[in-house]
Amino acid sequence: MTQGDVRRSSKVLVAEYISSVGEGNKFTKLELYKAVPDFSQVDRRMRDLRECGWVIDNYKVNPSLKPDEYLVQKLGVRIDLGERPISSGRRTIGGAKRRRIFERDGNLCSICGVSAGGSYPDAPDRRAVLTIGHIHAVAHGGLDDDSNLRAECQRCNDEARDNTTPPLSYENVLSHARNIGSKKEKARLLSWMIAQRRTPDDVERVFLEWRQLPRDQRERLMAAFSTQVLGSVEG
Ligand SMILES: [Zn+2]
């Protein structure tokens, strides 16, 4: 590959299309699919672009958009013109640093608490793969310092990268924390803050045990348990 020769990968095609739409303009998912033949890769490629500083709003961050609409806020590194990303987190974090972060975080996802190779309470067949994530996103100026890095499972990392909402303020988060219902729930949140991660609790553990029972036993158990729960609510 010679200098300036831009390989027209699906990532480059997505960048080409979005830059042709231009900053301040909208496009729909269908229009993007038409422009990129290999559309199975489109969501991943948009995440890649966000890592390269492209700001593309979806309906989750911009309520004025319809679910299939996107708004181009800012073009980032022009990979469609052969520009190269300077730093894009994951790929530039070396082995020794990765191991140090994984070890510091106890080889658990800092967001959902799943262990490396462990299964998810809601998807027991899926094995967690740990990666390194940025607490303050690279697109928002986050650095590759240890204090800005944490172990994340691939699933949480994908969700976090999809979410381009800027971080909330101290006051917002404190008021959310104070508004959590019961004292018991507040104590649970505080224990997560102290542990710096979401630690599995009794509820999740028992739910996982319940999920593994045969179906008829799950239903029987649920019925027996519901009498106790509903009884205690009424009483
Ligand atoms: Zn996770």
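Just so you know, these numbers come straight off a predicted model, no measurement behind them.

Regarding its fold elements, the chain presents nine helices and seven strands. Taken across its 235 residues, the chain has 32% of its residues classed as buried. Intrachain contacts of the chain at a sequence separation of at least 6 include 58% that bridge at least 24 residues. Summed over its atoms, the accessible surface of the chain is roughly 15000 Å², and 54% of this surface lies on carbon and sulfur atoms.

All right, on to the packing of aromatic side chains then. If you walk through the whole model with that rule in mind, you get three aromatic pairs. When the ring of tyrosine 17 is compared with that of phenylalanine 27, the centres are 5.7 Å apart and the planes differ by 85°; the resulting orientation is edge-to-face. You can see tyrosine 17 sitting in helix α1 (residues 10-21) and its partner phenylalanine 27 sitting in strand β1 (residues 26-28), a full ten residues away along the chain. By relative accessible area, which is 17% here, tyrosine 17 ends up buried. Judged by relative accessible area, which is 1%, phenylalanine 27 ranks as buried. Feature note: the residues Tyr17, Phe27 and Tyr70 constitute an aromatic cluster, connected by ring pairs. Geometry around tyrosine 120 places arginine 155 over its ring, the cationic atom sitting 4.0 Å from the centre. Cation over ring: arginine 218 sits above tryptophan 210, and NZ or CZ is 5.7 Å from the ring centre.

Our focus in this paragraph is the coordination of the zinc ion. For a metal with four donors in a tetrahedral arrangement, the ideal angle between donors is 109.5 degrees, while six donors in an octahedron ideally sit at 90 or 180 degrees. Binding of the zinc ion to the protein goes through Cys109 (SG), Cys112 (SG), Cys153 (SG) and Cys156 (SG), at separations of 2.3 to 2.4 Å. Bound by four donor atoms, the zinc ion shows angles of 103 to 115° at the metal and therefore tetrahedral coordination geometry. Each donor residue of the zinc ion lies on the same chain, and together they follow the pattern C-x2-C-x40-C-x2-C. With cysteine 109 in the loop between α4 (95-104) and β4 (119-120) and cysteine 156 in helix α5 (residues 154-162), this residue pair connects regions lying 47 residues apart in the sequence. Residue class for cysteine 109 comes out buried when judged on its relative accessible area of 0%.

Attention now goes to the confidence of the model for the chain. Per-residue confidence for the chain averages 83 on the pLDDT scale, and 89% of its residues sit at or above 70. Note on residues 1-6: pLDDT is under 50 here. Beyond four places in sequence and across chains, it has seven contacts.

Let us look at the side chain of serine 19. One can find serine 19 in helix α1. When residues no more than four places from it in sequence are discounted, the contact partners of serine 19 are Trp54, Leu75, Arg78 and Asp80.

Packed helices, taken two at a time, are described by the angle their axes make and the gap between the axes. Relative to each other, α1 and helix α3 (residues 42-51) sit at 70°, their axes nearing to 9 Å. The pairing of α1 with α3 is recorded here as roughly perpendicular in orientation. Here α1 contributes Ser10, Lys11, Val14, Ala15 and Ile18 to the contact with α3, which in turn contributes Val42, Arg45, Met46, Asp48 and Leu49.

With that settled, consider the sheet that holds strand β2 (residues 55-57). A sheet is described by the order of its strands in space; here three strands give the open sequence β1-β3-β2, paired in antiparallel fashion. Of all the strands in the sheet, just β1 and β2 have a single pairing partner and so form its edges. The mean angle between the axes of side-by-side strands here comes to 30°, regardless of whether they run parallel or antiparallel. The pairing of β2 with strand β3 (residues 69-74) spans three bridges and is antiparallel. By the bridge assignment, valine 55 is partnered in β3 with lysine 74.

Residues in a regular strand project their side chains so that they alternate between the two faces of the sheet. Judged from the three bridges that link them, β1 and β3 form a sheet pairing that is antiparallel. Looking across to β3, one finds that lysine 26 is bridged to leucine 71.

Calculation notes
Residues numbered from 1 in each chain as written. Predicted model: local features only at pLDDT ≥ 70, side-chain atom pairs only at ≥ 80, totals over all residues. Heavy atoms only, no water. Helix = DSSP H or I, 4+ residues; strand = E, 2+ residues; numbered from the N terminus. Buried < 20%, exposed > 50% of the residue type's maximum accessible area, 1.4 Å probe, protein only. Contact = heavy atoms within 4.5 Å. Areas by Shrake-Rupley, 256 points an atom, 1.4 Å probe, with all protein chains shown as cover. Phe/Tyr/Trp six-rings, centres within 6.5 Å; stacked < 30°, edge-to-face > 60°. Lys NZ or Arg CZ within 6 Å of the ring centre and 35° of its normal. Donors = N, O, S within 2.8 Å, 3.2 Å for Na, K, Ca; no water. Tetrahedral: all angles 85-135°; square planar, octahedral: opposite > 155°, others 65-115°. pLDDT = per-residue confidence, 0-100. Axes fitted to C-alpha atoms, helices over the stretch in contact; angles between N-to-C directions. Parallel < 35°, antiparallel > 145°, perpendicular 65-115°, else oblique. Pairing = 2+ DSSP bridges.

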